[in-house]
Every structure is written in structure tokens, then in C-alpha cells.
Amino acid sequence: MLKRLVGRTSLISKFSFSTNESTDISVRDSIHRLIDRASMYTRIPGSFIDGLKKCSHVLELSIPLKKDNGQLAVFEAYRAHHSIHALPLKGGIRFAPNMRLADIEGVAALMTLKMACADIPYGGAHGGISVDPSSLSVLEQERLARAYAKELIKSGFMGPSIDVPGPDIGTDGRTMAWIMDEFLKIAPDVTEGLAAVTGKPEAAGGIAGRKEAAGLGFYFALKNFLEDEELVEPLELTKELKGKKIIIQGFGNVGYHVSKFLSENGKAKIIGVLDQNGGVYKATGLDITALKTYYDENKTLKGFTEGKHFDNPEDVLSKTCDIFIPAASENTITVNNSHLLKCKIVAEAANLPLSIKAEENLIKNGVAILPDIIMNSGGVISSYFEYVKNIGHISPEKLTKRWELKSNEKILQFLARILGTEVQNSDLQVASDLEIVNNALEDIIQNSVKTAKKTSKLYSISYKDAAYVNALNRIYENLRYSSHYAA
Ligand SMILES: NC(=O)C1=CN([C@@H]2O[C@H](COP(=O)(O)OP(=O)(O)OC[C@H]3O[C@@H](n4cnc5c(N)ncnc54)[C@H](OP(=O)(O)O)[C@@H]3O)[C@@H](O)[C@H]2O)C=CC1
Ligand SMILES: O=C(O)CCC(=O)C(=O)O
């Protein structure tokens, strides 16, 4: 059921901001502040910057759902298309209570910036259903996801060349598979139908590594940032991840995979993990695999005996660590709790987890901030690879495997002839889909960090402002030649 469809063409922003932080900060307001701050280091015309603060289209829906007990429930749902400078649009679908349009529009804008920063040629979108998924049965969740997808498709808000959603808070590969199936039912003649959604399980056309990509990308980004002497020396930190004491807020898809890669690959110590109802702490480092098994079974951190549990999350939030990683949701760190953090770096795994005032306070206290639009970009980068795979109907490995094997065999035979040795078939290896995807992910992230460091040094600005400057410049370069925005 369509409630409201807003087409916005005006490039004039009526936006202004106050200096005091309200208790009701919207993500849209925060992103406007961040765009304004960064735009001072660009030559982009003000009218263009104002235009970038607007979403091009916003869809508001009321979706009726017949519950398993036969009763009717109605849910508010949304999809915001931020910038159509590059199509398709891309961004998460969320199932979370109390969704607000101002936040959704803000995250859609953030997605535009995130993809520009990673040089992914898409515009940003975001949306979802205002619902606590744990209050629904699996069948109810499926019916709701399908009904939402149907409305998006009917309204021209979804499709491989329009808007390609992916997973976010409260949704996962299964949700994405339902949504794709709904698309294929409604539009069976669209050849690229599999590319209507990303984040699907591999069996439903997804790509290897998507589920863990935000975590792996975060690990690559953190490793690369820590190599910067100008970051670590003033903080009296070493460059290695090994042994770094880390506290993580949120233990969902992103929080878990960040913890896993930092502890397994980086040998960092995850000393604290918190959710909404408390936290666990162990000074020598938590066993993340054991914690994940416990959390999946019990849906709570409480009762995990290999660490001390605190009923108040702030008791863990306020422990001393090297790096604090918010990986839960927007605005989880505000002026109300930022003073509790005792860390040297805040590395943002969630989207916009810091309110503007909280960020300012932390910076004043000498804390370095590593920006979400780089740190968590691994998820959407991997979605981009999945999209490309689906459009081409072939995985990267399948196309080149035989050719690579043969050329490697020839090189080995040549070397063996020179060295007078035998070629063993076991010496021959070619890259798997997972290796291709993960290496490409590392390359893109490495480049985002490198360019952020360069811009940060050039203007003596924070990494966050630098990442925004790079993103804004890329969007401007792209958009200035478009007929909509020619300046
Ligand atoms: N999924 C993806 O591919 C990507 C997600 N992101 C962003 O990362 C963040 C996390 O997303 P994701 O992991 O997918 O979401 P999930 O729904 O998988 O997990 C969110 C987790 O955060 C917990 N949580 C919620 N609020 C708080 C709080 N105030 N304090 C502590 N913990 C809390 C939740 O606990 P509970 O279940 O008890 O509420 C849950 O464990 C979001 O900002 C999202 O937009 C960014 C890039 C990619
Ligand atoms: O893969 C996608 O399209 C969504 C990723 C996402 O939710 C995010 O980057 O915040």
C-alpha cells in the first residue's frame, strides 16, 4: 500500500544546524554536518553540495501482514533513493523497530558517499520495515519481506538497473533470497533478475565471502590505518594489531565478523563485547568462537562463563582499551556516554555510530576516529562483486580457472626444464572465487585508506573529513557532466 512518493528535484537546501546537540539527533542532520565540514576542503559549488543533501525519491509504505494467528498487523516501511548520479542505487534493507525517515534518508546519503569513497559506480539508497523481527515467526517475516519487495517493485523502487538492496540490521541472506524470489516471480523475463538483490546465500546466486565481507574489510582497513606513523605515534601505540586491546559494541553480523578477523587474523585481544542488555569482559581476551556459539544459542551474552558479565553495558563500555569499535547502529555513542570511553581510537564499524557532538568531544580528548565509510565498506564492496557476477551469470573463478591452470602449467614446465626438475600437479593452484573476491576487497580498501591518508595530510584534516572530501570530489566529477546537474 503506497502512502507517499516524493520526487525531489530542487537543489536548494533549507538545511541549517544548531550548535547544541538535541537528544533526538537524526542521521540526516549528522550527515549534513559532515558534508558541510568536508566541503570546505573542496572547490565544489555550494548549490551542488546543497543538492547532495537531498534524497531524490522517498517511498513511504504501510504494509499489512496477516499474522499466523489470523490477526492483521500493519507495519510502516520505507525506501529512500539518495543520489541518482549513478545507477543502480544500492544500500541495505533493515528490519528494526522505530525506524524514522530522517535516519533512513541520512543512511541513504551515507551510502552514496561510501560507494564514492570506494569508487563503486552506484548511487546510495536505504530502507526497511519498522518492525522488531524477533516479534515475528519465520513465516511472518517471510510474508512481510515478500510484501515489502512487491511494493518496491510495483513502485519502480527495485530492480537490477534501478535499486539493488542488500542486507543490513535485522536482515540476512535468507531475507535477501525471499526478496529475490519475489522479484523473479513478478518479473521472470528480466534476464538479470538474480542481480535485483545482493547478500544472498551462495546457493541462491550469492557470492563467496559476502556474509563476512564487512568484517574482513574492516580488518584490512584497520591494519592499513595502523601503518600510519602520524596516527599511532601521537597515541603512543605500535603499528601492529597483535595484542591490541579491543572492545566491541554489537555482536550481530558485523560485530561478530569484525571480532573474528581481528582476533584470528590480527591476533588482537577482544577484551569486551556488549549488546543492548549488558556486556562480557575478559582482560586476557575473549574466545570469540565460543562466544558466538553461546550467543547464537541463547540470544544473549548473559550466562557466558568464560568472561565476567555486567548487566549494565556502560560497565564494559568504560573499560580501558586501545580501540573501541561501535558495530551496532547509528548514534549509539552520544554526549550521554562518550565521556565513558577510555580508548585511543574509535573505529566505526556501524554506520554513523557517533553523534556529531560525541565525535567532537572524543577528538578534543585526543581520540582518533576511523570513518565508517571506509571501515565498513567491505559489505557493499562485496555486494558489488555479487551484482557483477549476477549480471554476467558467471562467477569470477569459472571464467578463468582452466586458462589460469594451463598458463601456470606452462610456466612451471618452463622453469622445470631450466632447473632440471619434475613438475608436480599438486604445485598448480588457481584462485578460488573466495580468494579473488577477498583480494579485490583488500585492494579497494587499501586504496580508500591510502587516498584518505593522502588527503588528510594535504589539508591537515581528520581521516573522516578526508574520506568525505575524496567521496564528494568523486561524486562531483561524475555528476558535473550529467544533464541533471551540469554546472
Ligand atoms: N550487514 C551488513 O552487511 C552491513 C552493516 N553495516 C552496519 O553495521 C551495523 C550493524 O549491522 P549488522 O551487524 O548487520 O546488524 P545485526 O542486526 O546483525 O546486529 C546488530 C547487533 O547490534 C546489537 N545492538 C543493537 N543496539 C545496540 C546497542 N545500543 N548497544 C549494543 N548492541 C546493540 C544487536 O543486539 P540485539 O539483537 O539484541 O538488538 C545486534 O547484536 C549497522 O550500523 C549497519 O547499518 C555496515 C555495513 C554492512
Ligand atoms: O550490500 C548492501 O547493499 C548493503 C550494505 C550496507 O547495509 C551498508 O554498507 O551499510
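In this text the structure is predicted, and so the values were computed from the model without any measurement.

The next thing to look at is the UniProt feature "site: Important for catalysis" (unreviewed entry) in the chain. The feature "site: Important for catalysis" (unreviewed entry), as given by UniProt, occupies Asp168 in the numbering adopted here. With respect to the helices and strands, aspartate 168 occurs in the loop between strand E6 (163-167) and helix H5 (173-186). Judged by its relative accessible area of 22%, aspartate 168 is partly exposed. Apart from the residues within four sequence positions on either side, aspartate 168 is in contact with Gly92, Ile93, Arg94, His126 and Asn351.

Moving on, we get to the state of the cysteines. Under the defined criterion, the tally for this structure stands at zero disulfides. Between cysteine 343, a free cysteine, and cysteine 321, which holds the nearest cysteine sulfur, the sulfur-to-sulfur gap is 5.0 Å. For cysteine 343, a relative accessible area of 11% gives the class buried.

Residues in contact with ligand 1 amount to 24 residues; listed here are only the nearest, Asp168, Asn253, Val254, Gln276 and Asn351. A distance of 3.0 Å separates an oxygen atom of ligand 1 from a polar backbone atom of glycine 170. One of the side-chain nitrogen or oxygen atoms of tyrosine 295 is found 3.2 Å away from an oxygen atom of ligand 1. A total of 900 Å² of accessible area belongs to ligand 1 in isolation, and the protein chains cover 81% of it. Counting residues per element, the ones that place at least two in the shell around ligand 1 are helix H8 (253-264) and strand E8 (269-275). Each residue belonging to the shell around ligand 1 can be placed in one class, and the counts come to 10 nonpolar, 10 polar and four charged. Here the shell around ligand 1 gathers at least three residues from each of two domains, domain 1 (2-206 + 463-479) and domain 2 (216-375).

Once that is clear, we can look at the site of ligand 2. Around ligand 2, 13 residues are found, and the nearest of them are Lys90, Lys114, Asp168, Asn351 and Ser383. Between ligand 2 and asparagine 351 there is a distance of 2.9 Å, counted from an oxygen atom to a side-chain nitrogen or oxygen. Protein burial of ligand 2: of its 300 Å² of free accessible surface, 94% is covered by the chains. Elements supplying a minimum of two residues to the shell around ligand 2: strand E4 (89-96), helix H3 (101-117), E6 and helix H13 (378-392). Of the residues contributing to the shell around ligand 2, the split by class is three nonpolar, six polar and four charged.

This brings us to the sheet that holds strand E13 (residues 368-370). The pairing of strands in a sheet happens through backbone hydrogen bonds and is either parallel or antiparallel. Spatially, seven strands are ordered E10-E9-E8-E7-E11-E12-E13 in an open sheet, and the strand pairing comes out mixed. The strands lining the two open edges of the sheet, one partner per strand, are strand E10 (308-310) and E13. The mean inter-strand angle of the sheet, taken between neighbouring strand axes irrespective of direction, is 20 degrees. Bridging between strand E11 (residues 323-326) and strand E12 (residues 345-347) involves two bridges; their strand directions are parallel. Paired with isoleucine 323 across the strands is isoleucine 345, a residue of E12.

Conventions and cut-offs
- Along each chain, residue indices are assigned from 1 in the same order as the chain's sequence is written.
- Starting at A for chains and at 1 for ligands, labels are handed out in the order in which the entities are written.
- Per-residue local features of the predicted model are confined to residues with pLDDT of at least 70, and side-chain atom pairs are confined, for both listing and counting, to 80 or more; whole-chain, interface and lining totals are unaffected and use all residues.
- To obtain the side-chain values, all non-hydrogen atoms of the structure were used and water was disregarded.
- UniProt positions are given in the numbering used here, feature names are shortened, and annotations may be inferred rather than shown by experiment.
- By the criteria applied, helices consist of DSSP H or I runs no shorter than four residues and strands consist of E runs no shorter than two, each listed in order from the N terminus.
- Each residue gets one of three labels from its accessible area relative to the maximum for its type: buried under 20%, exposed over 50%, partly exposed in between, using a 1.4 Å probe on protein chains only.
- When checking whether two residues touch, look at their non-hydrogen atoms; a contact exists if any pair is within 4.5 Å.
- Whenever a pair of cysteine sulfur atoms sits within 2.5 Å, that pair is classed as a disulfide.
- For this description, a residue counts as near a given molecule or strand if any of its non-hydrogen atoms is within 4 Å of it.
- In the analysis that follows, any N or O atom pair within 3.5 Å is treated as a polar contact, provided that within protein one partner can donate a hydrogen and the other can accept it, and provided that, for residues neighboring in sequence, both atoms belong to side chains.
- All accessible areas in this document rest on Shrake-Rupley with a 1.4 Å probe, and a residue is counted as covered only by the protein chains that are shown.
- In the scheme used here, Gly and all other residues not listed as nonpolar or charged are polar, with Ala, Val, Leu, Ile, Met, Phe, Trp, Tyr, Cys and Pro taken as nonpolar and Asp, Glu, Lys and Arg as charged.
- Residue ranges for the domains trace back to a domain assignment, done automatically or taken from a database.
- By definition, two strands form a pair when at least two bridges between them are found by DSSP.
- Only the stretch in contact is used when fitting a helix axis, every axis being a line fitted to C-alpha atoms; angles between N-to-C directions are given from 0 to 180 degrees.

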